[in-house]
Amino acid sequence: MKTKILIGAFALCLVTAVAVNAQSDQTIRQKNLQKRENVNEKRQERIEKRNPNGYGRADDRVERRGDRIDRKQKRTDRRVKRRRGE
């Protein structure tokens, strides 16, 4: 009888320890995500301050290049089709 109680108590203790450990892992993960988000926000603010007009951003580049990207994509599509034998 004593062994059953001991085994039950040990199992309960083990389950509790695993649950607490999993919860602490989750809070650590959450804290790290929050830190990373904060760093990214600060970085973005510095970039905005340094470059208010947004020169050199990918979106602006796309607009400035016009349809060059579309032409490149067409060429790539043709190449892929030729390789596949279509």
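Within each chain, residues carry numbers counting from 1 in the order of the written sequence. With the structure being a predicted model, the display of local features is reserved for residues of pLDDT at least 70 and the display and counting of side-chain atom pairs for 80 or more, all residues being used for whole-chain, interface and lining totals. Side-chain numbers here rest on the full set of heavy atoms in the structure, without hydrogens or water.

**Observations concerning the overall build of the protein**
In this text, helices come from DSSP runs of H or I with a minimum length of four residues, and strands from runs of E with a minimum of two, each type numbered from the N-terminal end. Within the protein, the secondary structure is distributed over three helices and zero strands. When the helices and strands of the protein are placed in sequence order, the string is α-α-α. Exposure is judged per residue with a 1.4 Å probe applied to protein chains only, and the accessible area is read against the type maximum: over 50% gives exposed, under 20% gives buried, and values in between give partly exposed. Taken over 86 residues, the protein has a buried fraction of 2%.

**Things to note about the confidence of the model for the protein**
The pLDDT averaged across the protein works out to 79; a share of 74% of its residues lies at or above 70. Within a predicted model, pLDDT stands for the predictor's per-residue confidence, ranging from 0 to 100. Element-level mean pLDDT values for the protein span from 62 in helix α2 (residues 58-65) up to 86 in helix α3 (residues 68-84).

**Describing α3**
Multiplying 1.5 Å by the helix residue count minus one yields the expected span of that helix. End to end, α3 covers 25 Å across 17 residues, agreeing with the expected 24 Å (1.5 Å per residue, within 8%). Gly85 lies just past α3 and shows a positive phi near 85 degrees.

**Points about a positive patch on the surface**
Any residue with relative accessible area above 30% and no salt bridge may belong to a patch, with like charges joined within 9 Å and the nonpolar Val, Leu, Ile, Met, Phe, Trp and Tyr side chains within 5 Å. Accessible surface area values rest on a Shrake-Rupley calculation with a 1.4 Å probe, where residue burial reflects the displayed protein chains alone. The rule for a salt bridge is simple: a side-chain nitrogen of Lys or Arg has to be within 4 Å of a carboxyl oxygen of Asp or Glu. For this count, His and the chain ends are skipped, Lys and Arg are scored as positive, and Asp and Glu as negative. Working definition for charges: the position is that of NZ of Lys, CZ of Arg, CG of Asp or CD of Glu. A contiguous patch of positive charge on the surface is contributed by Arg68, Lys72, Lys74, Arg75, Arg78, Arg79, Arg82 and Arg83. Tracing the backbone shows Arg82 in helix α3. For Arg82, a relative accessible area of 61% gives the class exposed.

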